[in-house]
Amino acid sequence: MAYTTFNRNNFDTFAQPMFFGEHVNVARYDQQKHKIFENLIEKQLSFFWRPEEVDLTNDRKDFMDLPEHEKHIFVSNLKYQTLLDSVQGRSPNVALLPVVSLPEVETWIETWSFSETIHSRSYTHIVRNIIPNPAVVFDDITQNDYIVRRAETVTAYYDSFISLSNYYTQLGEGTHTINGETIVVSLRELKRQLYLMLVSVNVLEAIRFYVSFACSFAFAERAKMEGNAKIIKLIARDEALHLTGTQHMLQIMARGKDDPELAIIAEECRDDVIAIFLEAAEQEKEWAEYLFKDGSMIGLNKDILSQYVEYITNQRISALGFDPIFEGRTNPLPWINAWLNSDNVQVAPQEAEISSYLVGALDSEVDTDDFGDFDL
Amino acid sequence: MSASASSRKTPRVGRRRWVKSKTFFSDAQDELTLIGGGATQLEMDLFDAYSPSSDRAPIHTQPIPEPVEIEQGDLFGYLAESPEPTPQTSFEGMEKPSFEVIFSDGRNARFQHASSLLESLEAQDVHIEFQCREGYCGSCRTRLIEGEVHYTEEPMAWIDDDEILPCCCIPKSPLRLQ
Ligand code: FES
Ligand SMILES: [Fe+2]
Ligand SMILES: [Fe+2]
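Residues numbered from 1 in each chain as written. Chains lettered and ligands numbered in written order. Predicted model: local features only at pLDDT ≥ 70, side-chain atom pairs only at ≥ 80, totals over all residues. Heavy atoms only, no water.

A closer look at the coordination of the iron ion (ligand 2)
All names here are of chain A. Taken together, the protein ligands of the iron ion (ligand 2) are Asp85 (OD), Glu116 (OE), His119 (ND1) and Glu239 (OE), with distances of 1.9 to 2.2 Å. Angles of 87 to 155° at the metal separate the four donor atoms of the iron ion (ligand 2), which places the site in the irregular class. A distance of 3.4 Å spans the gap from the iron ion (ligand 2) to the iron ion (ligand 3), which Glu116 bridges by coordinating each metal. Remark: Glu116 occurs in helix H4 (residues 103-130) and Asp85 occurs in helix H3 (residues 68-96); sequence separation between them is 31 residues. (Donors = N, O, S within 2.8 Å, 3.2 Å for Na, K, Ca; no water. Tetrahedral: all angles 85-135°; square planar, octahedral: opposite > 155°, others 65-115°. Helix = DSSP H or I, 4+ residues; strand = E, 2+ residues; numbered from the N terminus.)

In structure tokens form, the structure reads like this:
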């Protein structure tokens, strides 16, 4: 179905599914089929922040004082975060906007993607502050094997969907010969790819990002790189909203609350979903190995981070109505909740340090149990 | 409500206020002592004490006010589950509701004064995961086996029909949770 920027058809909004129905015409929010997306938009708007408002001057000194292996952990983690947000800043728009059918969903996608561009800009702010030549960091993102390998998985579902969806938009369903190549376009296959793509997006935002957050906060837990942690707190607040948005999309689909065919597809895809979660978890564990290859840091090592990967994977997959896939049921990094919470983030330079003191559970006692049994 | 709780004279600290020391490695001096003067004062003291631009002495070198007698383990309780210092006049037959909350693994608590179920549980050392504490992230998602809750703000995170978000609800009846 050819894309039109202003659909003149008369249609019943409430009869449209989220995707692959009529193209949206009037951006109106008086009628909402799925009000949750309006709530998400409002929440996201209320979160607006700018990276430049967070003062990072102390981080520069902290960074210079870090031992080499911790510099490696910090910079590699940052590269990975940069990659993930580069993908998220554009892909939901490119993939989903041409096929979306409800105004509130369309606007949620745009609002969501916009917030990712803030995340990307904040990485430049961070890198500029700690490294004289930021290009050294950014150029490596497309060269570094460990990052590229994960980038491929992260983007594969997006790219495959976008490619098929482009054919669908231009040529419609059917078997087409393009440059001597046979292309089969079916709406059902597109919907299947849409569903799996959203699962992989959820894995990106709800698992991969949280693994990287754990690394950022492990520095701050030792009072290092606290400006950075403050930015990451703001990013984590946004990501919590994004993952909720995607969970809603997936559950609306799986429960047939929108497009009955998608409920059937979701049922058929259950094994694929588990495979996507498992693959991501394995990759994140490999990544943990790379991060800590030259040495661990206080409070975090390969094993604890891998346990966290399993824990967070269980949490996220069960939110989609699946059984947990790993053994561990308790959070091996209990201190992370306090960092993930943004209750006390005040964005103003002179307050750059305060949020690290005024967050988290009332727990002013050192409890060695909280560290689990990590080794250095 | 225990007798010791009612005799505490320090005002209840305002809306949820959890205070965490600097790091797990902080020394004993860093331990924050709750001080009188109410929420605003407490917040200001903490804020100023750690603000880099502050010329006030760090909090641990300030004269430490008379500590309020709090048994350990009750420290959470003091904040979230202690009664208002100036409660509304109570009438017979209109007591504040108080509900038992039991987990299938045996952990239990009593919801009385806290502003959310999550805070109440934390106050009684029942650990629940959290991130946003405002109903949009889903971290606190918990299965409700029996009972009813009232949402104090609209929950946004996706939950199943038999699940609740303790961070933004309070019990309307005794609860059984998993
Ligand atoms: S802590 Fe986020 S929904 Fe309850
Ligand atoms: Fe992001
Ligand atoms: Fe995101």
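Now that the structure is up, let's keep going.
Some details on the state of the cysteines
Under the criterion given, the structure shown has zero disulfides over all chains. Free of any disulfide, Cys215 of chain A has its nearest neighbouring cysteine sulfur in Cys137 of chain B, separated by 20 Å. Given the relative accessible area of 0%, Cys215 of chain A is considered buried. (Disulfide = S-S within 2.5 Å. Buried < 20%, exposed > 50% of the residue type's maximum accessible area, 1.4 Å probe, protein only.)

Considering helix H1 (residues 35-46) of chain A
All names here are of chain A. With 12 residues, H1 extends 17 Å from end C-alpha to end C-alpha; this agrees with the ideal 16 Å at 1.5 Å per step. Considered for burial, the residues of H1 that qualify are Ile36, Phe37, Glu38, Asn39, Leu40, Ile41, Lys43 and Gln44. In this structure, the buried side of H1 is in contact with H4 and helix H8 (226-254). (Expected span 1.5 Å × (residues − 1). Contact = heavy atoms within 4.5 Å.)

Some points on the nonpolar core
All names here are of chain A. Of all hydrophobic cores here, the largest spans 122 residues; its most connected members are Phe19, Tyr195 and Met249. Of the residues forming this core, the biggest block, 23 residues, is contributed by helix H7 (residues 187-221). With near-sequence residues (within four places) excluded, Phe19 lies in contact with Leu96, Val99, Val100, Ser101, Val105, Ile109, Leu194, Met249 and Met253. (Core = buried A, V, L, I, M, F, W, Y, C linked by side-chain atoms within 4.5 Å.)

Regarding the coordination of the iron ion (ligand 3)
Protein coordination of the iron ion (ligand 3) is provided by Glu116 of chain A (OE), Glu205 of chain A (OE), Glu239 of chain A (OE), Glu239 of chain A (OE) and His242 of chain A (ND1), with donor distances spanning 1.9 to 2.6 Å. Coordination of the iron ion (ligand 3) draws on donor residues from a single chain, spaced E-x88-E-x33-E-x2-H in sequence.

Looking at the packing of H7 of chain A against helix H10 (residues 270-291) of chain A
Working note: a packed helix pair is described by the angle between its axes plus the distance between those axes. All names here are of chain A. The geometry of H7 relative to H10 is characterised by a closest axis approach of 10 Å and an angle of 25° between their N-to-C directions. Regarding the angle of H7 to H10, the classification is roughly parallel. Classified by chirality, the crossing of H10 by H7 is right-handed. Along the contact surface, H7 presents Tyr195, Leu196, Val199, Ser200, Asn202, Val203, Ile207, Arg208, Val211 and Cys215, while H10 presents Asp272, Val273, Ile276, Phe277, Ala280, Gln283, Glu284 and Leu291. (Axes fitted to C-alpha atoms, helices over the stretch in contact; angles between N-to-C directions. Parallel < 35°, antiparallel > 145°, perpendicular 65-115°, else oblique. Left-handed = near helix turned anticlockwise from the far one by under 90°.)

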